Amino acid sequence: MKSSAQVVVIGGGVVGASVLYHLTELGWTDVVLVERKELTAGSTWHAAGGMHTLNGDPNVAKLQQYTVGLYREIEQRSGQNCGIHMNGGLTLASDRERMDWLRMAQARGRYLGMEMEIISAAEAKQMFPLLEEQYFIGALFDAAEGHVDPTGVTRAYAACARQAGAEIYQHTWVSDLRQRPDSTWDVSTDAGQIHAEHIVNAGGLWAREVGRMIGLELPVLAMEHMYLITEDMPEVAEYNAATGHELPMGMDFDGELYIRQEGGGMLLGTYEQACVPWSPRETPWTFDQQLLAPDLDRIAPSLEIAFKHYPALASAGIKNVINGPFTFSPDGNPLVGPVPGVRNCWMACAVMAGFSQGGGVGLTLARWMVDGDPGEDIWAMDVARFGHWASLAYTNAKVRENYSRRFRITFPNEELPAARPLHTTPVYDRLTARNAVWGASFGLEHPLWFQRPGQEPREDVTFRRSNAHPVVAGECTAVRERVGLTECSNFAKYRVTGAGSADWLQRLFTNRLPRVGRINLTAALDPDGHIVGEFSVARVGTDDFFLFGSQIAEAHHSRWFWGHLADGVRFDVLALSLVGLSLAGPGARDVLQSVTDASLATEDYPFMTFRRIDVGMIPAYVGRMTYTGDLGYEIWVAPEYQRALFDLLWQAGQPYGIGLFGFRALMSLRMEKAFGTWAREYRPIYTPVQARMHRSLKLDHDFIGRAAVEAELARGPARTLGYFDITPDPAEPADVVGDEPIWHGGAVVGWVTSGAYAHYSRRSLAFGYVPTELAVPGAMFEVEIIGQRRPATLLPEPVLDPAGQRMRA
């Protein structure tokens, strides 16, 4: 065994083997994989081996597409049979909502080059004669689905890696991890110690235990999962003889099950409601290629539906029942990337769909390690999307919820209830008493909208306009015509202090730093000119700054800042040690002026001012800006003052017709002003030139990514962020939710990033990226919304107050 290596990958399942292979593909060959037993000995060996490209997130779907396409290559290069069966797959729908979801999935696939077809129930019956047509109304067929041999795939990855110089040590147990002062690692095993520059936790069922070796409690939980294999069935043999190929895969929403051919019989798996976590606190090291006791009673409700939907199964004998554990994260997506605050420590775990996603996980993590960037938009898989609030108990509750909903639709306006409320601010009770309908982001409860008095604070889930629509319209009117009050604690907040802070930030940010007492907007880029983040920068001293950003990216962005930290500079995550309320609307100045002695007149407190003032008896930092595009103020206080601040502002606002507004209204109002947002318009796959962030770009100083920006400005961007006015279906109006394809000239040319109905302007608006040569004001496009291509006009400017006079009043 080597005594040193550039990388030690811990875990020999399909994900660990994929990471090892991809590192060697990128030229890192001084790499080793350490496996406590044999390759596949955790959960890989008993997996059903299904693979598909369908995913609710198109960026994850793209990586699944890569994974599926990789198997032929590694099979050929390694000489290892991967057992590839590309028999296609049907996703079956039993009602209108599920058909709508399939139409939206098909649409998302269009700009990724995925050829998926919506077919009738009768056509699905022809392709899969075992199903009972009466229970379905249609299906989505994807030819790029199938199944593989889990052991064969893992060995193929391993063989290719070995060919390139990687080494694999089986029956070698990692017992401890210690980091040296130079950020390298000592990996202790029962066969000796390896000194490594980097470590990768691909521990699978033991990912938590590996994390605990360095003081991490990862949000990972294993669930028992059962599938059964039938005896050979004459119906299967008849189909094979008649067609010369296998039956396609089947995914049945209503039955919450999947089904495929296995030999001469069928394999049937289910995600049952009565789901059971396995070893929820600690995974035993003695667990080795073992299965769990079957419990058919637990999956009996799903089997009952299966026998109804596929009657031939009812008379088929059961040859085998597999019950084995595999891991989930709280939202069902993998945990991938560098661990925040721990140098040279990488994650590749909670990959529950290993044979759909393992290749993509290995590719992006290897790129991240070698090139400093994953090369794809993998925000949905970034380990930094969870904070410290994702405890064992939280993870248990969310994983059980996620598992039981594996084949259920999550609507774009749906908020899942498990493990909530957990993280709240001091005004939570005040807003609840005023009938708030709550959402949660990065673990924190925030008000979505405020139901009318006497009515249940609940939103009907839908792909179209919900019962919130008319109520949110009223909230928007209150802001535009009078004054609105909302909570703004759900921003990420940071404090940067220390000698040299200004110089450090200036090297990171595309905009010039504001003067003391001012605030401005800026971007941070990677060396290739892609957007790392978008921030508001408030300066309260020569080397004293507040930064405000997207809360969902708090851990993600903190990792980036810490990775670039300069000597003498202190970077603090403020989290809920700083909370806020925001006033917005033409009456905002009058309300705030009535409770402060500081002059808020424009000549004394102009737009984009940020100062420390007293609001009543409350010490506060007050910035004159809002995301609504109106005259407004963001008021930041310590949490012990927030309740008093709310009561003070609410009482002061009564003569001015003050009203509460929530996140739904805020998204509507920002669309009228054409304000983009992080994780939608601004993501790591876009550049500030493409995103039209020119006001935040100043080329009078050096910053990370400047050369790439200048080069793109010289040649012109290939794509541009457009702002669209859409004509909805008048019979059943629906607005975009994001990721819809944009059509022009009969072809898909781009995609929607976000949108909303702009209540005050009474227009359905959207942002989306299209080729620059087509981004001409007034140009006509079509946006595909739930299977319908709706007319869309490219707008030249915001539909409300394009000159920005309201917020400068």
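Residues numbered from 1 in each chain as written. Predicted model: local features only at pLDDT ≥ 70, side-chain atom pairs only at ≥ 80, totals over all residues. Heavy atoms only, no water.

A. The arrangement of the side chain of Arg683 in detail. Within the secondary structure layout, Arg683 lies in the loop between α17 (663-672) and α18 (706-715). The exposure class assigned to Arg683 is buried, which follows from its relative accessible area of 11%. At 2.3 Å, the side chain of Arg683 forms a polar contact with the side chain of Asp377. In this structure the side chain of Arg683 is engaged in a polar contact, spanning 2.7 Å, whose partner is the backbone oxygen of Ala679. With sequence-adjacent residues up to four places away left out, Arg683 is seen in contact with Asn59, Asp377, Trp379, Ile531 and Trp678. (Helix = DSSP H or I, 4+ residues; strand = E, 2+ residues; numbered from the N terminus. Buried < 20%, exposed > 50% of the residue type's maximum accessible area, 1.4 Å probe, protein only. Polar contact = N/O pair within 3.5 Å; in protein donor to acceptor, adjacent residues only side chain to side chain. Contact = heavy atoms within 4.5 Å.)

B. Structural detail: the nonpolar core. Membership of the largest hydrophobic core comes to 48 residues, with the highest contact counts inside it found for Trp101, Phe328, Phe724, Ile726, Phe781 and Val783. Looking at this core, the elements that each hand over two or more residues are α3 (96-110), β12 (221-230), β17 (318-328), α10 (392-404), β33 (719-726), β36 (763-771), β37 (780-785) and β38 (788-794). Here this core takes five residues from α3, the largest share from any one element. Excluding residues within four positions of it along the chain, Trp101 makes contact with Leu54, Arg108, Phe253, Ile409 and Phe463. If you look at the next biggest cluster of nonpolar residues, it comprises 46 residues, including Val19, Leu20, Val200 and Phe355. (Core = buried A, V, L, I, M, F, W, Y, C linked by side-chain atoms within 4.5 Å.)

C. How the structure looks around the packing of helix α1 (residues 14-25) against helix α9 (residues 354-371). Between α1 and α9, the shortest axis-to-axis distance is 8 Å and the interhelical angle comes to 40 degrees. As far as their axial angle goes, α9 and α1 are oblique. In this structure, α1 crosses over α9, and the sense of that crossing is right-handed. Taking contact as the criterion, the partners of Val14, Val15, Ser18, Val19, His22 and Leu23 in α1 are, on α9, Gly354, Phe355, Gly358, Gly359, Val361, Gly362, Leu363, Leu365, Ala366, Met369 and Val370. (Axes fitted to C-alpha atoms, helices over the stretch in contact; angles between N-to-C directions. Parallel < 35°, antiparallel > 145°, perpendicular 65-115°, else oblique. Left-handed = near helix turned anticlockwise from the far one by under 90°.)

D. Broad picture of the sheet that holds strand β24 (residues 519-525). Taken together, five strands build an open sheet; the order of strands is β24-β25-β26-β23-β27 and the sheet is antiparallel. Each of the sheet's edge strands pairs with one partner strand only, and the pair in question is β24 and β27 (570-573). Averaged over all neighbouring strand pairs, the angle between strand axes comes to 30 degrees, with direction disregarded. Bridge count between strand β25 (residues 531-541) and strand β26 (residues 544-550): five bridges; the pairing is antiparallel. Pairing of Val537 across the sheet is with Leu547, part of β26. (Pairing = 2+ DSSP bridges.)

E. Expanded view of the state of the cysteines. Scanning all chains against the criterion turns up zero disulfides. Here Cys476 stays unpaired: no disulfide links it, and the sulfur of Cys488, its closest cysteine neighbor, is 17 Å away. Looking at Cys488, the relative accessible area reads 4%, which means it is buried. (Disulfide = S-S within 2.5 Å.)

F. Just helix α5 (residues 150-163), in detail. Given a rise of 1.5 Å per residue, 14 residues ought to cover 20 Å, and the 20 Å separating the end C-alpha atoms of α5 matches this to within 8%. Burial analysis of α5 places eleven of its 14 residues in the buried class, which makes it a mostly covered element. Among all positions of α5, only Pro150, Thr151, Gly152, Val153, Thr154, Ala156, Tyr157, Ala158, Ala159, Cys160 and Ala161 are buried. Against α1, α2 (58-78), β8 (167-169) and α9 lie the buried residues of α5. (Expected span 1.5 Å × (residues − 1).)

G. Representation of the environment of Trp173 within the structure. Mapping Trp173 onto the fold places it in the loop between β8 and β9 (174-179). Taking the relative accessible area as the measure of exposure, Trp173 reaches 32% and is therefore partly exposed. If we ignore the near neighbours within four places in the chain, the residues touching Trp173 are Arg36, Ser188, Thr189, Asp190 and Trp285.

H. Examining the sheet that holds β36 more closely. Around the barrel, which closes on itself, the six strands sit in the order β33-β36-β35-β34-β37-β38 with antiparallel pairing between neighbours. When strand polarity is set aside, the average angle formed by the axes of neighbouring strands in this sheet is 45 degrees. Relative to strand β35 (residues 747-758), strand β34 (residues 741-744) runs antiparallel, the two being bridged by four bridges. What sits directly across from Trp743, in β35, is Val748. Lying over the sheet, α3 contacts β34, β35 and β37, oriented at roughly 65 degrees with respect to β34. Packed onto the sheet, α17 meets β33, β35 and β36 and runs at close to 120 degrees relative to β35.

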